[in-house]
Amino acid sequence: MTLAHRYQAVRRHSLALAEPLSDEDCGAQSMPDASPIKWHLAHTTWFFETFILERMERGFAPFHPAFRILFNSYYNGIGEKHPRPQRGLLTRPAMAQVRAYRANVDTRIARLLEVAPSAELEMLLTLGLQHEQQHQELMLTDVKHLLAQSLLRPAFMELPLLVAGAAPPLEWLVFDGGLTEVGHDGQGFSFDNEVPRHKQYIAPFALASRLVTNGEYLNFINAGGYANAALWLAEGWDWVRTQNLRAPIYWFQDEKGAWQEFTLHGPQPLDLNRPATHISLFEADAYAHWAGARLPTEFEWEHAAAQAPLETGALHPAGASKGGLQQMYGHCWQWTSSSYAPYPGFAAAEGALGEYNGKFMLNQYVLRGASCATPEGHARASYRNFFPAGARWQFTGIRLAK
């Protein structure tokens, strides 16, 4: 597929994700850590306009001068930004104008691609497409949080969610460890936080063959897991007590006391055989302590993942179906015990693009794998996702280690 065709495919898919939603859905912001769908569609367009057209288009003129501020996310090198918690207040521009903005920028990018792209243009377009695909996953997780706020509990997609088969018994797979190489190997695209590849010593360890299921996590709840301070990190215990938490974010009990889970398919009876998801690091760590295990380091996870097959999900994590190492990709992002920090020799790019990853390397934890909402092509062993310990609105699950 040519770069021009790939550009068109990625851009069409973002619009397709918004298609089931009303304009009212697309403009609402359910919490400061989420963004409206309309903002995602505009911001990803802003990325191409700001980092490509502004640099390379002859006679460049912005589609709208105010968009430079309205749809800047966190790039201080670009200039002022609209406050993130107030993105839901942007009733203007309307969705129709955002679609016009996307069409305008797409036409102008296509003109640049009428001749063979330079190495710089190819690099920037590839990064922009990877960036937009990251936002496609955020669109799904953000709209899920938004729809969950309604007492109507509407479905994003009217598709059946089948009951998973019985989960196979959890196995402990032993890895010898030793001196190994971690980080991206240079084949294909990577983000700057995946390099440089370097040597890392790993002690012998065991990794769970599959993710923790809803049924297993329900056992933790029924055993008083959310009421036992001894299981929790100090900050996690404060987090649980302050918010009066007793279950994952999208779990609720119906009038008969039966557990339900809100999904992108709407509310569903809690499927005990599917992976527990939307779990914070605090919850994952407490569960691991309760289960007599721990969370893996990011290097243990990457070492093991070299032997794992790629899997893809749908709109919700699927159940395990066999023995051996599985569910490493395509179901849930998996928490590790590793703080998000630069690799030895890491160097951020010059200019505003250098703000993409490096400046967030503080007070975050690394997640590995990929989720059911992760676009195709983003799952690789070296991919480093990161969130603060209390984040649980993403498709995040638990992989145990010993």
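Calculation rules
Residues numbered from 1 in each chain as written. Predicted model: local features only at pLDDT ≥ 70, side-chain atom pairs only at ≥ 80, totals over all residues. Heavy atoms only, no water. UniProt positions renumbered as here; feature names shortened; annotations may be inferred. Pairing = 2+ DSSP bridges. Helix = DSSP H or I, 4+ residues; strand = E, 2+ residues; numbered from the N terminus. Disulfide = S-S within 2.5 Å. Buried < 20%, exposed > 50% of the residue type's maximum accessible area, 1.4 Å probe, protein only. Polar contact = N/O pair within 3.5 Å; in protein donor to acceptor, adjacent residues only side chain to side chain. Contact = heavy atoms within 4.5 Å. Core = buried A, V, L, I, M, F, W, Y, C linked by side-chain atoms within 4.5 Å. Domains from an automatic or database assignment. Axes fitted to C-alpha atoms, helices over the stretch in contact; angles between N-to-C directions. Parallel < 35°, antiparallel > 145°, perpendicular 65-115°, else oblique. Nonpolar A, V, L, I, M, F, W, Y, C, P; charged D, E, K, R; others polar. Phe/Tyr/Trp six-rings, centres within 6.5 Å; stacked < 30°, edge-to-face > 60°. Lys NZ or Arg CZ within 6 Å of the ring centre and 35° of its normal.

In the nomenclature of an unreviewed UniProt entry, the protein chain corresponds to Ergothioneine biosynthesis protein EgtB from the organism Duganella lactea. Its UniProt record, at the heading Pathway (unreviewed entry), says of the protein chain: "Amino-acid biosynthesis; ergothioneine biosynthesis."

Engineer: Is there a simple way to think about the sheet that holds strand 10 (residues 385–387) in this case?
Structural biologist: Pairing between sheet strands relies on hydrogen bonds along the backbone, with the strands arranged either parallel or antiparallel. Strand order across the open sheet formed by four strands is 10-9-8-11, with mixed pairing between neighbours. The two strands at the open ends of the sheet, each matched to only one other strand, are strand 10 and strand 11 (396–397). Sheet topology note: the strand 8 (residues 333–339)/strand 11 ladder contains two bridges and is parallel. Bridge pairing in strand 11 links Q334 to G397.

Engineer: Honestly, the UniProt feature "domain: Sulfatase-modifying factor enzyme-like" (unreviewed entry) in the protein chain in this entry has me stumped. Any pointers?
Structural biologist: Using the residue numbers shown here, the UniProt feature "domain: Sulfatase-modifying factor enzyme-like" (unreviewed entry) corresponds to residues 171–308 and 320–402. Counting secondary structure, residues 171–308 comes out at 27% helix and 22% strand; the distance between its end C-alpha atoms is 15 Å. The span residues 320–402 is 0% helical and 19% strand by assignment, and the distance between its end C-alpha atoms comes to 21 Å.

Engineer: What is the right way to read the UniProt feature "domain: DinB-like" (unreviewed entry) in the protein chain from this model?
Structural biologist: The sites that UniProt annotates as "domain: DinB-like" (unreviewed entry) are residues 7–133. Regarding residues 7–133, the helix share stands at 58% and the strand share at 0%, and the terminal C-alpha atoms are separated by 11 Å.

Engineer: What is the right way to look at the state of the cysteines in this model?
Structural biologist: The full count for this structure, using the stated rule, is zero disulfides. Here C372 stays unpaired: no disulfide links it, and the sulfur of C332, its closest cysteine neighbor, is 6.7 Å away.

Engineer: I would appreciate a short explanation of the side chain of T180 in the present structure.
Structural biologist: Among the secondary structure elements, T180 is positioned in strand 2 (residues 178–182). A residue is classified by how much of its surface remains accessible, and T180, at 15% relative accessible area, is buried. Among the polar contacts made by the side chain of T180, one reaches the side chain of H303 at a distance of 3.5 Å. T180 has contacts with H198, K199, Q200, I202 and H303, leaving out every residue within four places of it along the chain.

Engineer: Help me understand the nonpolar core in this model?
Structural biologist: The nonpolar side chains of soluble globular proteins are, as a tendency, buried together. Ranked by size, the top nonpolar core spans 93 residues in total, and within it I109, L125, Y217, F220, W232 and I398 carry the most contacts. For this core, the domains that each give at least three residues are domain 1 (3–149) and domain 2 (172–397). Apart from the residues lying within four places of it in its own chain, the contact partners of W232 are F220, G225, Y226, W237, W239, V240, F282, E283 and A286.

Engineer: What should I look at first to understand the packing of helix 1 (residues 3–18) against helix 5 (residues 95–112) in this one?
Structural biologist: Packed helix pairs are specified by the crossing angle of their axes together with the interaxial distance, meaning the distance between the axes. Running from amino to carboxyl end, helix 1 crosses helix 5 at an angle of 175 degrees, the nearest separation of the two axes being 12 Å. By the angle between their axes, helix 1 is roughly antiparallel relative to helix 5. Contacts between helix 1 and helix 5 involve Y7, R11, S14 and L15 on the former and, on the latter, R102, V105, D106 and I109. Tallied by class, residues from the contact of helix 1 with helix 5 come to four nonpolar, one polar and three charged.

Engineer: Would you mind going over the sheet that holds strand 5 (residues 251–253) with me for this structure?
Structural biologist: Taken in spatial order, the three strands of this open sheet run 5-6-7, and their pairing is antiparallel. Two strands in the sheet have a free side with no partner beyond their single neighbour: strand 5 and strand 7 (266–269). In this sheet, neighbouring strand axes are inclined to one another by 35 degrees on average, regardless of whether the strands run parallel or antiparallel. Relative to strand 6 (residues 259–263), strand 5 runs antiparallel, the two being bridged by three bridges. Considered in strand 6, the bridge of W251 is made with E261. Against the sheet, helix 7 (residues 214–222) engages strand 5 and strand 6, with an angle of about 65 degrees to strand 5.

Engineer: I tried to follow unusual backbone geometry on my own but got confused; where do I start?
Structural biologist: Glycine aside, negative phi is the norm for most residues, and most peptide bonds take the trans geometry. Across the junction of R92 and P93, the peptide omega takes the value 5 degrees, indicating a cis bond. Residue position: P93 is located in the loop between helix 4 (67–70) and helix 5. Note the cis peptide between V195 and P196, where omega equals 0 degrees. Among the structural elements, P196 can be located in the loop between strand 2 and strand 3 (198–202). If you check the backbone angles, R153 has positive phi at about 45 degrees while not being a glycine. Mapped onto the secondary structure, R153 falls in the loop between helix 6 (119–148) and strand 1 (172–175). Phi is positive for N363, close to 60 degrees, though the residue is something other than glycine. Within the fold, N363 resides in the loop between strand 8 and strand 9 (365–368).

Engineer: I would appreciate a short explanation of the pairing of strand 7 in the present structure.
Structural biologist: Remark: a regular strand shows side chains that alternate across the two faces of the sheet. As judged from the four bridges shared by strand 6 and strand 7, these two strands associate in the antiparallel manner. Looking across to strand 7, one finds that F262 is bridged to P267. The antiparallel hairpin formed by strand 6 and strand 7 contains two residues in its connecting segment.

Engineer: Honestly, the packing of aromatic side chains in this entry has me stumped. Any pointers?
Structural biologist: To describe a pair of aromatic rings, you give the distance between the ring centres and the angle between the ring planes. With the rule as written, the count across this model stands at 34 aromatic pairs. Taken together, a centroid distance of 5.2 Å and an interplanar angle of 55 degrees make the contact between Y217 and F220 tilted. Remark: F220 and Y217 occur in helix 7; sequence separation between them is three residues, near one turn of the helix. The class of F220 is buried, set by a relative accessible area of 0%. Ring centres of Y217 and Y226 lie 6.3 Å apart, and the angle between their planes is 75 degrees; on these two criteria the pair is classed as edge-to-face. Across this residue pair, the class does not change: Y217 and Y226 are buried. Every member of this aromatic cluster is reached through a ring pair, and the members are Y7, W46, F47, F48, F51, Y74, Y75, Y340, F360 and F386. The positively charged end of R153 is found above the aromatic ring belonging to F252, 3.8 Å away from the centroid.

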